Amino acid sequence: MISIYHLLYAAKLLNRVPIIPTLLPEHFAAEPASVAEYYDIPRFHSESKIPAITLDDVTRVRDSSLSPPPERLSCWSILERVVPVGANFGGNKLMESHGVNVDFWPLPELSAGTPGGDIPFSHLDAFDSDSRWRESWITEVQQDLLPQKKVSPDSIVDDKASNIKDGFNPSSTPPTDQLLCMDTTFFVTFPKKAPAFPTLSSRGSHPTDREGDAWIHAGQYLHFTPEVESVADDFLLSLFEKETLAEVPPFISVHIRRGDFANTYHFTAIEEYIQGVDRIRARIQDRIDNPDSWDGPGKGKENFPPGVAAADYRVIFTSDEEAGSPFMQEVSKLGWLHIDHVGHQL
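Cut-off values and rules
Residues numbered from 1 in each chain as written. Predicted model: local features only at pLDDT ≥ 70, side-chain atom pairs only at ≥ 80, totals over all residues. Heavy atoms only, no water. Salt bridge = Lys/Arg side-chain N within 4 Å of Asp/Glu carboxyl O. Helix = DSSP H or I, 4+ residues; strand = E, 2+ residues; numbered from the N terminus. Buried < 20%, exposed > 50% of the residue type's maximum accessible area, 1.4 Å probe, protein only. Pairing = 2+ DSSP bridges. Contact = heavy atoms within 4.5 Å. Axes fitted to C-alpha atoms, helices over the stretch in contact; angles between N-to-C directions. Parallel < 35°, antiparallel > 145°, perpendicular 65-115°, else oblique. Nonpolar A, V, L, I, M, F, W, Y, C, P; charged D, E, K, R; others polar. Phe/Tyr/Trp six-rings, centres within 6.5 Å; stacked < 30°, edge-to-face > 60°. Lys NZ or Arg CZ within 6 Å of the ring centre and 35° of its normal.

*Asks:* What exactly am I supposed to notice about the pattern of salt bridges here?
*Replies:* Two side chains with opposite charge may pair up if their charged atoms get near one another. Considering all chains together, one arrives at ten salt bridges under this definition. Between Arg43 and Glu47 there is a salt bridge, and its shortest N-O distance comes to 2.9 Å. Of this pair, Arg43 and Glu47 are both found in helix H2 (residues 41-48), four residues apart, which corresponds to roughly one turn of the helix. With a relative accessible area of 32%, Arg43 lands in the partly exposed category. Residue class for Glu47 comes out partly exposed when judged on its relative accessible area of 33%. Two residues, Arg72 and Asp103, come together in a salt bridge whose shortest N-O distance is 3.0 Å. One end of the pair, Arg72, is in strand E3 (residues 71-77); the other, Asp103, is in strand E4 (residues 100-106), with 31 residues separating them in the sequence. Each member of the salt-bridge network shares a partner with another, and the members are Arg16, Asp128, Arg134 and Asp177.

*Asks:* Sorry if this is basic, but what is going on with the sheet that holds strand E9 (residues 337-338) here?
*Replies:* Hydrogen bonding along the main chain pairs the strands of a sheet, whether they run parallel or antiparallel. Strand order across the open sheet formed by three strands is E7-E8-E9, with parallel pairing between neighbours. Strands with a single pairing partner mark the edges of an open sheet, and in this sheet they are strand E7 (251-256) and E9. Contacting E7, strand E8 (314-319) and E9, helix H9 (residues 226-240) runs over the sheet at an angle of about 120° to E8. Packed on one face of the sheet, helix H11 (residues 270-289) meets E7 and E8 and runs near 150° to E7.

*Asks:* Explanation requested: the packing of helix H6 (residues 121-129) against helix H7 (residues 131-144) in the structure shown.
*Replies:* The description of two packed helices rests on the angle between their axes and on the distance between the axes. Relative to each other, H6 and H7 sit at 85°, their axes nearing to 5 Å. Here H7 runs roughly perpendicular to H6, going by the angle between their axes. Contact with H6, carried on its side by His123, Ala126, Phe127, Asp128 and Ser129, involves Ser131, Trp133, Arg134 and Trp137 of H7 and no other residues of that element. Looking at the contact of H6 with H7 residue by residue, the class counts come to four nonpolar, three polar and two charged.

*Asks:* Just to check I follow, could you spell out the packing of aromatic side chains for this structure?
*Replies:* Aromatic rings considered in pairs are described by the distance between their centres and by the relative angle of their planes. For the coordinates displayed, the defined rule picks out twelve aromatic pairs. Between Tyr39 and Phe224 the ring centres are 4.7 Å apart and the planes differ by 25°, which places this aromatic pair in the stacked class. Linking Tyr39 in the loop between strand E1 (19-20) and H2 with Phe224 in the loop between helix H8 (212-217) and H9, this pair joins segments that are 185 residues apart in sequence. For Phe224, a relative accessible area of 39% translates into the label partly exposed. Arranged with centres 5.2 Å apart and planes meeting at 90°, the rings of Phe127 and Trp133 form a pair that is edge-to-face. Given a relative accessible area of 31%, Trp133 falls into the partly exposed group. Taken together, the ring pairs in this structure connect Trp76, Trp105, Phe127 and Trp133 into an aromatic cluster. Its guanidinium or amino end placed over the ring of Trp294, Arg287 lies 3.6 Å from that ring's centre, counting from NZ or CZ.

Listed below in structure tokens is the structure:
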């Protein structure tokens, strides 16, 4: 969702209409779904004033056996710039589900640092608004057959055409100014929200580089649909064994992602989750005790039940870890309440 927040805010700053991509299931078998099935897009329009549409509004998900020949679309690749080695550009399941094949194009160096660093929005904006820069870069890509696969320093590439990274096609139609297509906006960073003046206490909670103003001006307005909220309400009533939502106590929600991290990253120890919850409790309590001593995202939207200390907040969690595993048994000893996707056939 961070990528979508960034997309929406970038479009606002660039005075463009954002097209929100279709959601693809990664952790379970299901069909692609429009973001509008889960998020209230009309409400987002009304509150954010950003005229977003969904990819489904532009082109529907198609049955590949019945669809006409796929269209082609050229997109700038932010991922190739920030993850120059190891990323897979051999296809784009999201766009292919809509009958569109993507030709990726590399971006020039847009960040002050070396490849592997995030791209500041101001640099992306400069590239997007400078037609001469874009045309010059397109010519360079076509002439040098970029991007090239990395080779050892002592190797000589005699045939650049055979060394182009998979998924890239310098002979394809270059990206156009009419449609600014990017493969991801996750790695685009925005300026941080300036703290109030005079500077508030050290308790201030200011946005991180990945958060910036994107949450404040876009993300906070993307609410779930009433149907999704109704399902969540039913789960809360069941978890806490209550009859009405007014009886549901305040809680902290945690997502424990495990499955795909086994091969990609490393598992987070249960102690680190406990420490994370403790940090959240401390921050909540500080804001309860000192409501005027902080500034940042969420300011003015607090909803702290009177007379309830942060230490008494319950914890509910979701996870892709199998129920009954040794890890889940350890979590259950903490008294945290589990929303069991498998048990509820979600």
